Amino acid sequence: MQEEVLTNGYELVYKKPSTLTSKPFHYCPGCGHSVVHRLLMEVVEEKGIQESTIGVAPVGCSVFAYDYMDIDMQEAAHGRASAVATGVKRIHPDKYVFSYQGDGDLAAIGTAETIHTVNRGENILVVFINNAIYGMTGGQMAPTTLLKQVTSTTPYGRTHEQMGYPLRITELLAQLPGAYYVSRHAVHTVNAVRKLKKAIEKSFDYQKLNRGTCFIEVVSNCPSGWKMTPLESNKWLEENMFPSYPLGDIKVPKDK
Amino acid sequence: MEQTKEKTGTSKSNNQALLMKGNEALAEAAIRAGIDAYFGYPITPQSEILEYFTAEMPKRHGIVLQAESELAAINMIYGAAGAGGRVMTSSSSPGISLMQEGISYIASAQLPCLIVNVNRGGPGLGTIQPSQGDYFQATKGGGHGDYHLIVLAPASVQEMADFVFDAFRLAEKYRCPAMILADGALGQMMEKVVLPEEGSLPKTEKPWATVGKPATRERNIITSLFIDPEKMEGINKQLQGKYKLIEDEVRFEEIALDDAEIALVAFGLSARVCQKAVDISREKGFRVGLLRPITLYPFPKQAISNLADKVNFFLVVEMNAGQMVEDVELAVKGKRPVYFTGRMGGMIPTPEDVAAEIEKLVHSLSLSEVK
């Protein structure tokens, strides 16, 4: 039975996990980053693994992830988070290690590091936030930008003749034998948030098995970069992003 | 001869002298220095280092990983050094260029590690032959921002092995990445070497490392991002303060300088060439000596400045277009003429070349005095 806690006479039913710092998130209203940060830290708190978890932050909007997550963390250069995480994990094979990366970081400048980290089957969790845009630098085209999508560097919409196709790197990575668990999620509804949390929980459990890389893509939004309200962005996400990036498990462990 | 004997803390094993390649002696010394991990990528003329580790580390409980690129390797070093490991990488010139991004981050995040550059001729893809063309890159920072590496320049296979210990000791003392700047000849040539004793380099405490946050302390963060410019200036001041302290670690060797009228200044393989040139020139009656910087950063400014009060002129000999000569000029401060001779693009000057240059300079200088 949970003990009843009263705050100003009200019953406290929801609070910040102890593994998040008290610093307010700097993310834009409606952005998915803060939800994913919170879920990661909820899982770390619930599993009681704060002492044995090391995170690697990317370059991008979540560059300051270490300001919010109350765990030991390293900040990586743009695209190199999975290489940095490899270095950390090889030194501490008994610890939980995750990298947190955006689409430009993971699927453009860091493509080689991403593919080879998964191909080696590094026993880490890679959390991949895909919002089809470079948020921090002001909404430029990302490798995952949809065809016809307007960004600050595709002002007439992305064309495949000029800039190729949206890169479905998650499907590509799932083909590698080093990938143990590959799953695509979202955080735009309560139901989606619950599913993502389960996937994160599983990924932490799988790390102990030493059987390969866990890779979770979160198809997220960028209300500021997409120039939409948070609600509009969630609708656009469902109508445009999900057909290209369908949610669900892409690779699940065959062995038990 | 060596000016700072107390700074070389390497205790030798009772093993007999071995005949080893420079690259292999360096790798074996690193294992004996207790490295936890090596991350690297093949490139001539240093691939033997990676090959040695891949053969030896599994037997000796160390980590070795052939990365997908030098870029990945240096970022693995960043991660592993940040996590508290004693770690190193190695490469040759084009590969070291690729690593510069990561080296700048490592310097800013103040992570101790060892980076070995077995210098080959450039620019560009260049040649696989020995060169000292990366002096500027090694000693002036190399990547973006204001930073330095501690740079040691071996001149023998023995020093290829010994300097691994010195590099880790200095890197860990100052939380500063260290570089061994060798060249293709030192990496490839075989010489007699007495290897340092295994386990003779104590592990250092790293309370700042990311090892998992216990409830008893604040979280450890390894980063080079300080978006507030006042904070970033503070970090820069901290780095510069550290470099000031590191100046005490300067090391150099003086050969036949007691009565010298002419001072050669050369490092690494060029110093080996110059040692022979000193003998040739002295046989011809010229009073020539040699100052060999062992640490290229910190640079032996004071020793060269002192020498400027004693000798008639300096001749700097390098396997490049003239890079260290600029630091010699800065130290001499116009008190005496500073000349340069060198070969580029993978060519090595001979002792006879250097001796001839000395003779030429002496004659031209005495002629101008007559005029």
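Residues numbered from 1 in each chain as written. Chains lettered and ligands numbered in written order. Predicted model: local features only at pLDDT ≥ 70, side-chain atom pairs only at ≥ 80, totals over all residues.

## Section: the overall build of chain B
- Counting secondary structure elements, chain B contains 12 helices and 15 strands.
- Relative to a compact globule of 371 residues, whose C-alpha radius of gyration would be 21 Å, chain B shows 21 Å and is just as compact.
- Viewed in the frame of its principal axes, chain B has a C-alpha envelope of about 80 × 50 × 40 Å.
- When burial is assessed residue by residue, chain B has 55% of its 371 residues classed as buried.
- Taking the contacts inside chain B whose residues are at least 6 apart along the sequence as the reference set, 80% of them involve residues at least 24 apart. (Helix = DSSP H or I, 4+ residues; strand = E, 2+ residues; numbered from the N terminus. Rg over C-alpha atoms; globule rule 2.2 N^0.38 Å. Buried ≥ 20, exposed ≤ 12 C-beta atoms within 10 Å, placed from the backbone. Contact = placed C-beta atoms within 7 Å.)

## Let's talk about the domain arrangement of chain B
Residue and element names in this part refer to chain B.
- As assigned here, chain B comprises domain 1 (9-248) and domain 2 (252-370).
- Here the C-alpha centre of domain 2 lies 29 Å away from the C-alpha centre of domain 1.
- If you look at the interface, domain 1 gives 27 residues, while domain 2 gives 21 residues.
- Grouping the amino acids of the side of domain 1 that touches domain 2 by side-chain chemistry returns 16 nonpolar, eight polar and three charged. (Domains from an automatic or database assignment. Nonpolar A, V, L, I, M, F, W, Y, C, P; charged D, E, K, R; others polar.)

## Side note on helix α10 (residues 230-244) of chain A
All names here are of chain A.
- For α10, spanning 15 residues, the distance from its first C-alpha to its last is 20 Å, which sits close to the expected 21 Å at 1.5 Å a residue.
- L237 marks the point of greatest bend in α10, at about 40°.
- Considering only its buried residues, α10 is in contact with β9 (179-186), β10 (213-219) and α9 (223-226). (Expected span 1.5 Å × (residues − 1). Bend = angle between axes of the 7 residues up to and from the residue.)

## A short note on the interface of chain B and chain A
- Chain B puts 33 residues into the contact, and the matching count from chain A is 29 residues.
- Broken down by secondary-structure element, the contributors of at least two residues to the side of chain B that touches chain A are β2 (37-40), β3 (63-66), α3 (70-82), α4 (93-109) and β9 (221-222) of chain B.
- The greatest single-element share of the side of chain B that touches chain A, amounting to eight residues, is contributed by α3(B).
- Split by residue class, the side of chain B that touches chain A holds 16 nonpolar, 12 polar and five charged.

## Section: unusual backbone geometry
- The step from G122(B) to P123(B) runs through a cis peptide bond, and the omega angle for that step is 5°.
- Along the chain, P123(B) turns up in the loop between β5 (114-119) and α5 (135-139).
- Even without being glycine, K148(A) reaches a positive phi, approximately 75°.
- Here K148(A) lies in the loop between β8 (140-141) and α6 (160-163).
- At R175(B), a residue that is not glycine, the phi angle is positive and equals roughly 50°.
- Note on placement: R175(B) falls in the loop between α6 (157-174) and β7 (178-183).
- You can call R175(B) partly exposed: it has 16 C-beta atoms within 10 Å.

## Points about the pairing of β10(A)
All names here are of chain A.
- With seven of seven residues buried, β10 lies mostly within the body of the structure.
- The two faces of β10 match: T213, F215, E217 and V219 on one face and C214, I216 and V218 on the other face are all buried.
- Note that β9 and β10 share seven bridges and pair parallel. Bridge pairing in β10 links A179 to T213.
- As for the winding sense of the linkage, the β-α-β connection from β9 through helix α8 (residues 190-207) to β10 is right-handed. (Pairing = 2+ DSSP bridges. Right-handed = clockwise from strand over helix to strand, strands pointing away.)

## Details of the pairing of strand β4 (residues 87-91) of chain B
All names here are of chain B.
- Counting buried positions over the five residues of β4 gives five, a clear majority of the element.
- Residues of β4 alternate between two faces, with V87, T89 and S91 on one and M88 and S90 on the opposite face, all of them buried.
- Where β2 lies against β4, two bridges are found, and the strand directions are parallel. Opposite Y38, over in β4, you have M88 as the bridge partner.
- Looking at chain direction, β4 and β5 are connected through four bridges and run parallel. Residue pairing across strands places T89 opposite I115, the latter belonging to β5.
- On the question of chirality, the crossover connecting β4 to the parallel β5 by way of α4 is right-handed.

## Quick word on the sheet that holds β7(B)
Residues and elements named next belong to chain B.
- Taken in spatial order, the seven strands line up as β3-β2-β4-β5-β7-β6-β13 in an open sheet, and their pairing is mixed. The sheet is open, and its two borders are formed by β3 and β13 (295-297), each paired with just one other strand. Within the sheet, the average angular offset between the axes of one strand and its neighbour, ignoring direction, is 20°.
- Where helix α2 (residues 47-56) meets the sheet, it contacts β2, β3, β4 and β5, and its direction lies at approximately 130° from that of β3.
- Packing against the sheet, α4 makes contact with β4 and β5, and its axis sits at approximately 155° to β5. (Axes fitted to C-alpha atoms, helices over the stretch in contact; angles between N-to-C directions.)

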